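Secondary and tertiary structure notes
In case you want the letters, here they are:
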Amino acid sequence: MTAAERATATTARDARRLRPGVAVTPLRAGLHLRGRAGSVTLEGSAALPALWQWLEGPLRAGALGVHLDAAGAGPALRTAVETLLGQLDAHGLLVSEPDGSAGTAYGDQRHDPVALWLGATAERPAAARTALAAARAEVLAGDPGGPLARAAARALELAGVPAARTADPALPEGRVLLHLHGTGPVRALAAGLRPDGGYATAPGSPARARADAAALEARLGRGAGGGEGGAGGGAGSRGADIPGTDGNGSAEGRAAGSAGSRREGSAGTGAGGGAAAPALAPLLGGAAAHRLLCAAAGLPDPADEGGDDRLLPGLPAVLLAEAAPPRAEYRTWLGPRPPAPDRWTGLAPAATLGEALRRLSALTDERCGALPAPLAAGLRQLPVPLATCELPGDGPARRRLTAGAPRLDLARLELLCRAAELLLPGPGRTVGANPGHARGRALRAAFARRAARTPGGTPGAVDVAAPEWSGHPQFRHWWHTLTARLEVPARIRVRRAGTDGVHHAVVCRDGGDTGVLGEAVEATAADAAAFAALAAVAAVQAGGPGVPPSGGAVAPLAAAGARAAGWEDDGWTGRWLAGIAGREEAFQAALRRPAGAPRDTATATATATAGPARDGELPELLRAFGFTVLHTPEEP
């Protein structure tokens, strides 16, 4: 290494410093280091603890390069140090500083807690400190002397940002807006106190913060009278509060009513009246200020740092706090449809069943979800796993849906899609976790509708002989369950439509009752017979007709990333669904042919997943979560 190269390397080393708060545990032949942003365990040499003891002090002081030069370190030692530093840097345990700053480029870390915070958190602490130094804050509240306004202003001032408290008569009691003015656009978020808890929204524009607060308070207010309730009550408590619906359940009407009712009361009350827990004001005020400061300084959003798998990356989250028991956690929540500058980016369609179920959980969250949650709700799970939910509405519009599937997770996804279809504006909507899932559901339903409208079934269809499908292990299991265990007299008919590999199976009660118990449209006669028998068992177990099952439409999702043992056969659900997934693409192509496709499916498929929604808030919300919404009106 030349003298110039060594000087350059020394400068680079001088600019690296161990982040404040990094703790180190020596091991017998290694080290374990942990900091706020990450941790790493290094093993393999008994010299590592001794090496660390030698360089820890200079590395914390930002003077490692000088230390190496003073010790006359040779190439072997420098290589070992560089390898160690590379691992620390890869795990976020080092911070870069201007050479010669001695850790004061963004404040004195010995006496300034803000400098310690930025050094432990920011990728570029000096730039973050500069952004905060240029910022000024404003806390708007109906009562600027209220506990939440005072707590938020105090937290901002502790970070070195001047905060002015301003009266805004338009804000209801218990709600505050935080505005941060700096070199860029104004950033804002809202926080609110309620008797049973409170909230803090995601950072955005001032208009977005006001809209989020009004909609979130309206959503949280659903459970104010009766609590969260059980699995069934949680869904029912949503009332008419489904995005995009009309009537008294609109977000604007609920927000206006709740705001008016909260303008009366004392400064110590939360939204909706009643005293809030004393600890909530400093918790929410500090959390709101922290999140806004992070947005202004370019630091990671606190909502993304907890490692919570329930949160969906790329979508905003709100902080929800509860008074009893005391707790606070972030929940994915998109809020009302924002103006164009704050428009959601949205998630890509789910590639696996696990991804789809995570999005389902966020969409049906018991506190701020937009759709009723599909849950087991005390239903019997044998012989068929069942899930149920209650659609919102008054009178006849309020009804309970039940769905069955080979597994409970599949039943929950099927039920969510059907509930969303019934709540979407206008007829002929099909929802799926991704485009393939939605197409499979739409094409199967369209084929079954045409077969039901045609006397004698699908034109040109022929009966399939029983030996072709009756030996399938899934069919044998579900047929035995229906006719032997449940003692339901039934008959099944399986037909093949043309030569395209489309099979339609229908199960009816045997005797005078000709009602359909279950039906299915699949690529093989055995799959159609098995799904039809399963649907019949689910209908009998639920005590009435449930959600029309979509059969193998979900198979590609269920099979993606799943591994089956070599000894499994079609009697195992995972192996059976994997086989169906391999046939699904060709099967959908067969259904789309003129003899078996809804005339508008191809057009709908091409246009439904792209571009902003033009037909209401709920379709746009579903698409933002990666779901596909198809418009497939029925044929006359």
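**Here we look at the overall build of the chain**
When its secondary structure is counted, the chain shows 20 helices and 20 strands. Expressed as a percentage of its 636 residues, the buried residues of the chain come to 50%. Nonlocal contacts in the chain, meaning residues at least 24 apart in sequence, comprise 63% of its contacts between residues at least 6 apart. Surface accessibility of the chain: about 27400 Å² in total, with carbon and sulfur atoms responsible for 55%.

**What about the packing of helix α15 (residues 473-485) against helix α16 (residues 525-542)?**
Viewed as axis vectors pointing N to C, α15 and α16 meet at an angle of 30 degrees, and their least axial separation amounts to 8 Å. Taken together, the axis directions place α15 and α16 in an arrangement best described as roughly parallel. α15 and α16 meet at a crossing whose hand is left-handed. Contacts from Q474, F475, W478, W479, T481 and L482 of α15 reach α16 at A529, A530, A533, L534, A536, V537 and V540. Split into classes, the residues belonging to the contact of α15 with α16 amount to 11 nonpolar, 2 polar and no charged.

**A word on the confidence of the model for the chain**
The share of residues in the chain with pLDDT of 70 or more is 79%, and the mean pLDDT across the chain is 77. Below a pLDDT of 50 lies the segment residues 1-14, which in the model reaches 14 contacts outside its immediate sequence neighbourhood of four places, other chains included. Low pLDDT, under 50, characterises residues 223-274; the predicted model gives this stretch 90 contacts beyond four residues in sequence or across chains.

**Some words on the pattern of salt bridges**
Side chains that differ in sign of charge can pair as their charged atoms come close. Summed over the entire model, instances satisfying the criterion amount to 26 salt bridges. Note that R331 and E329 form a salt bridge whose closest N and O atoms lie 2.5 Å from each other. In this structure, the salt-bridge partner of R331 is D365, at a minimum N-O distance of 2.3 Å. Here the residue R331 occupies a position in strand β12 (residues 327-332), and D365 occupies one in the loop between α12 (353-363) and β13 (386-390), the gap between them amounting to 34 residues. It is possible to trace a salt-bridge network through shared partners that takes in D308, R310, E322, R327, E329, R331, D365, E366 and R367.

**Concerning unusual backbone geometry**
Residue P325 follows A324 across a cis peptide bond; omega there is -10 degrees. Here L382 and P383 are connected by a cis peptide whose omega angle stands at 5 degrees. Along the chain, the position of P383 falls in the loop between α12 and β13. The phi dihedral of E487 falls on the positive side, at around 55 degrees, and the residue is not glycine. The residue E487 is located in the loop between α15 and β17 (490-497) in this model.

**Looking at the nonpolar core**
Membership of the largest hydrophobic core comes to 74 residues, with the highest contact counts inside it found for L413, W469, V507, L622, F625 and F627. Setting aside anything within four residues of it in sequence, one finds F625 in contact with L312, L315, T332, L334, L347, R359, A362 and L363. Core analysis: the second largest hydrophobic core is formed by 44 residues, A122, L178, L180 and L189 among them.

**Some thoughts on the packing of aromatic side chains**
Geometry of an aromatic ring pair is reported as the spacing of the ring centres plus the angle between the planes. Evaluation of the coordinates by the stated rule reveals 4 aromatic pairs. Between W567 and W572, the ring centres sit 5.3 Å apart and the planes meet at 75 degrees, which makes this aromatic pair edge-to-face. For W572, a relative accessible area of 44% puts it in the partly exposed group. Among the aromatic side chains, those forming a connected cluster through ring pairs are W469, F475 and W479.

**With respect to the side chain of R444**
Residue placement: R444 occurs in helix α14 (residues 435-453). The class for R444 is buried, based on a relative accessible area of 5%.

**Overview of the side chain of R331**
The exposure class of R331 is buried, given its relative accessible area of 5%. Within the local environment of R331, its side chain forms a polar contact with the side chain of D365, the two groups lying 2.3 Å apart. In terms of polar contacts, R331 uses its side chain to reach the side chain of E366, at 3.4 Å. Non-local contacts of R331, meaning those with residues more than four positions away in its chain, are made with L311, P316, A317, V318, L320, D365, E366, R367 and C368.

**Comments concerning helix α13 (residues 408-423)**
Its 16 residues give α13 an end-to-end C-alpha distance of 22 Å, which sits within 8% of 22 Å, the value for a rise of 1.5 Å per residue. Most of α13 is tucked away, with 12 of its 16 residues classed as buried. Residues of α13 that are buried: L410, A411, R412, L413, E414, L415, L416, C417, A419, A420, E421 and L423.

**Side note on the sheet that holds strand β6 (residues 136-141)**
Taken in spatial order, the 7 strands make up an open sheet running β7-β6-β8-β9-β10-β11-β12, and their pairing is mixed. Only two strands of the sheet have a single partner each, and these edge strands are β7 (163-167) and β12. On average, each strand axis in the sheet is tilted by 20 degrees relative to the strand beside it, whichever way the strands run. Pairing of strand β8 (residues 175-181) with strand β9 (residues 187-194) involves 6 bridges; the strand directions are antiparallel. Bridged to V176 within β9 is A191. Those strands touched by helix α7 (residues 147-158) are β6, β7, β8 and β9, and its axis lies near 160 degrees from that of β7.

**Some words on α7**
Taking 1.5 Å per residue, 12 residues should reach 16 Å; α7 reaches 16 Å between its end C-alpha atoms and fits that length. L148, A149, A151, A152, A153, A155 and L156 are the residues of α7 that are buried. Looking at the buried side of α7, the elements it contacts are β6, β7, β8, β9 and α11 (280-297). One or two residues past the end of α7 sits G160, with phi positive at roughly 85 degrees.

**Overview of the environment of A287**
Relative to the helices and strands, A287 is located in helix α11. For A287, a relative accessible area of 18% gives the class buried.

**Quick word on the sheet that holds strand β16 (residues 461-463)**
Sheet strands pair by backbone hydrogen bonding; their relative direction is either parallel or antiparallel. With antiparallel pairing, the 4 strands of this open sheet are ordered in space as β16-β17-β18-β19. If you trace the sheet from one side to the other, it starts and ends with β16 and β19 (516-522), each paired once. On average, adjacent strands in this sheet sit at an angle of 25 degrees to one another, irrespective of strand direction. Contacting β17, β18 (502-509) and β19, α14 crosses the sheet at an angle of about 125 degrees to β19.

Conventions and cut-offs
- Residues numbered from 1 in each chain as written.
- Predicted model: local features only at pLDDT ≥ 70, side-chain atom pairs only at ≥ 80, totals over all residues.
- Heavy atoms only, no water.
- Helix = DSSP H or I, 4+ residues; strand = E, 2+ residues; numbered from the N terminus.
- Buried < 20%, exposed > 50% of the residue type's maximum accessible area, 1.4 Å probe, protein only.
- Contact = heavy atoms within 4.5 Å.
- Areas by Shrake-Rupley, 256 points an atom, 1.4 Å probe, with all protein chains shown as cover.
- Axes fitted to C-alpha atoms, helices over the stretch in contact; angles between N-to-C directions.
- Parallel < 35°, antiparallel > 145°, perpendicular 65-115°, else oblique.
- Left-handed = near helix turned anticlockwise from the far one by under 90°.
- Nonpolar A, V, L, I, M, F, W, Y, C, P; charged D, E, K, R; others polar.
- pLDDT = per-residue confidence, 0-100.
- Salt bridge = Lys/Arg side-chain N within 4 Å of Asp/Glu carboxyl O.
- Core = buried A, V, L, I, M, F, W, Y, C linked by side-chain atoms within 4.5 Å.
- Phe/Tyr/Trp six-rings, centres within 6.5 Å; stacked < 30°, edge-to-face > 60°.
- Polar contact = N/O pair within 3.5 Å; in protein donor to acceptor, adjacent residues only side chain to side chain.
- Expected span 1.5 Å × (residues − 1).
- Pairing = 2+ DSSP bridges.

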